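Survey of secondary and tertiary structure
In case you want the letters, here they are:
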Amino acid sequence: MKQTLIKGTALLAGITALEIFRELHTFRTVHYQVRSGKIPARQELTLVFLSDLHNHVYGKDNRPLVEAVRREQPDLILAGGDMLTGKPGVSWAPAANLLRELVRTAPVYCGNGNHEQRMHEEPGRYGDAYDRYKETLERAGIPVLVNQSISLEVKGIPLCITSVEMPKSCYWRHHPHQMTLEELEERAGQADRERFQILLAHQPDFVEQYLKWGADLVLSGHHHGGIVRIPGVGAVLSPQLKPFPRYSGGFYREKGGQYVAVSRGLGTHTVNLRLFNPAEVVVLHLGGKDVCGI
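The notes below deal with the structure included here. (Residues numbered from 1 in each chain as written. Predicted model: local features only at pLDDT ≥ 70, side-chain atom pairs only at ≥ 80, totals over all residues. Heavy atoms only, no water.)

A short note on the environment of I77
Going by this rule: Each helix corresponds to a stretch of at least 4 residues labelled H or I by DSSP, and each strand to a stretch of at least 2 residues labelled E; elements are numbered beginning at the N terminus. With a 1.4 Å probe rolled over the protein chains alone, any residue whose accessible area is under 20% of its type maximum counts as buried; one over 50% counts as exposed, and the rest are partly exposed. When checking whether two residues touch, look at their non-hydrogen atoms; a contact exists if any pair is within 4.5 Å.
The residue I77 is located in strand β3 (residues 76–79) in this model. Since its relative accessible area comes to 0%, I77 is described here as buried. Sequence spacing of I77 and G250 is 173 residues, and the spatial spacing of their C-alpha atoms is 18 Å. Filtering out sequence-adjacent residues up to four positions away, I77 remains in contact with V48, L50, V69, L102, A106, P107, V108 and Y109.

Here it is in structure tokens:
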């Protein structure tokens, strides 16, 4: 009986290790449907959302990832932050190379996560790395929005894309700062109530404030899907050690017809672990025919 238990435990451990390895080296593509009275009838826009790459490279030069995005024929690509890993001496080139390749497929707009933000706000530690990263993207025609908004029209759909860089204290693992609606407005300005308002806000713990602010669609990441997930339950623990975070990864339709999409990310850092939590490319279909059954 004891030997059977030992063999069973060893087999389970081996299967688990193989699954973790598989999930750390692959990704999936998920599709969500977005409806809004601000999207004209019969108009449709395909938006690809990427987050938390952390310099990860799939295959040679991220070709599988580039090809997966291209297959979706997106009209717009948004990067929600932590595309690089903000550590002294760590290159930002893998993130920049991917984004420069993707802009050949569709316009790309970037927001900052906590990793870009620490590089941005701590030049004494990181030197001019953030400035060089940002300049490299902008030379390629990729705007980096820092507490900024941009208004545009894509396939007849009027959009406003806003990216907020929140206080670093909002990312603390212990007793994080609880950002208020007033602080959000100070940083991001007022929401555009006429256009379809997209908010890139890397930290998903403040969804209530984002919705009150006026976002029609919130795009977040940061929690990496919760590191480990239990099927049917969700995330066990966030990177900030918050148990069972509500917005850890997935798609949420809120009251009032607002939406929240939280990417499980494309890479990892520090805790290099994924279990029942595949990395993902998020594809959002704004308007158009119901392709997702949502």
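Observations concerning the nonpolar core
Stated formally: Throughout this description, the term nonpolar core refers to a set of buried Ala, Val, Leu, Ile, Met, Phe, Trp, Tyr and Cys residues connected via side-chain atoms within 4.5 Å.
Among the nonpolar cores identified, the biggest contains 33 residues, and L50, M83, L99 and Y133 are the most heavily contacted of them. Taken together, the elements giving at least two residues each to this core come down to β2 (44–50), α2 (63–71), β3, α3 (93–102), β4 (108–111), α6 (129–139) and β14 (279–287). When residues of this core are assigned to their parent elements, the largest contribution, five residues, is made by α3. When neighbours within four sequence positions are excluded, M83 is seen to be in contact with L50, S51, D52, L53, H54, N55, A95, L98, L99, E116 and Y133. Counting 27 residues, the second-largest nonpolar core is a separate cluster that includes L45, L78, L219 and A261.

Some remarks on the pairing of strand β8 (residues 196–201)
Test applied: The handedness of a crossover follows from its direction of travel: if, with the strands pointing away from the viewer, the path from the first strand over the helix to the second runs clockwise, the crossover is right-handed. Pairing between two strands requires that DSSP report at least two bridges joining them.
Burial analysis of β8 places six of its six residues in the buried class, the great majority of the element. With burial as the criterion, each face of β8 is covered, one bearing F196, I198 and L200 and the other bearing Q197, L199 and A201. Running through helix α7 (residues 181–188), the crossover from strand β7 (residues 157–164) to the neighbouring parallel element β8 is right-handed. The pairing of β8 with strand β9 (residues 217–220) spans three bridges and is parallel. Bridge pairing in β9 places I198 opposite L217. Taken together, β8, helix α8 (residues 207–213) and β9 form a β-α-β motif whose crossover is right-handed.

Structural notes on the sheet that holds β9
Quick note on the threshold: In this analysis an axis means a line fitted to C-alpha atoms, helices contributing only their contacting stretch, and an angle means the value between N-to-C directions, from 0 to 180 degrees.
Taken in spatial order, the six strands line up as β6-β7-β8-β9-β13-β12 in an open sheet, and their pairing is mixed. Strand pairing shows two members of the sheet lacking a second neighbour, β6 (148–154) and β12 (250–254), which therefore form its edges. Within the sheet, the average angular offset between the axes of one strand and its neighbour, ignoring direction, is 20°.

Side note on the pattern of salt bridges
Rules: Counted as salt bridges are all cases of a side-chain nitrogen of Lys or Arg within 4 Å of a carboxyl oxygen of Asp or Glu.
For the coordinates displayed, the defined rule picks out 15 salt bridges. In this structure, the salt-bridge partner of K60 is D61, at a minimum N-O distance of 3.8 Å. For the pair K60 and D61, a shared accessibility class is recorded, and that class is exposed. Linked by salt bridges that have partners in common, R63, R70, E101 and R104 make up one network.

Concerning empty space enclosed by the protein
We apply this condition: Every definition here rests on a 1 Å grid over the protein atoms only: cavities are sets of points where a 1.4 Å probe fits but cannot get out, pockets are open sets enclosed by protein on both sides within 12 Å along at least five of seven lines, and lining residues have some atom within 4 Å of a point. Grid points are joined across faces, edges and corners, and a volume is the space filled by probe spheres set on the points. Three categories are distinguished: nonpolar for Ala, Val, Leu, Ile, Met, Phe, Trp, Tyr, Cys and Pro, charged for Asp, Glu, Lys and Arg, and polar for the others, with Gly belonging to the last.
Summed over the entire model, instances satisfying the criterion amount to two cavities of 30 Å³ or more. Taken as a whole, the largest cavity spans an internal volume of roughly 40 Å³. A79, G81, M83, L99, C110, G111, N112, E116, Y133, L137 and V144 together form the lining of the largest cavity. The set of elements that each furnish at least two residues to the lining of the largest cavity consists of β4 and α6. Taken together, the residues of the lining of the largest cavity sort by class into seven nonpolar, three polar and one charged.

Things to note about the sheet that holds β14
Taken in spatial order, the six strands of this open sheet run β1-β14-β2-β3-β4-β5, and their pairing is mixed. Strands at the two margins of the open sheet, each flanked by one partner only, are β1 (27–34) and β5 (144–145). Relative to β4, β3 runs parallel, the two sharing three bridges. Across the sheet, I77 pairs through a bridge with V108, a residue of β4. Set on the sheet, α2 makes contact with β1, β2, β3 and β14; between it and β1 the angle comes to about 25°.

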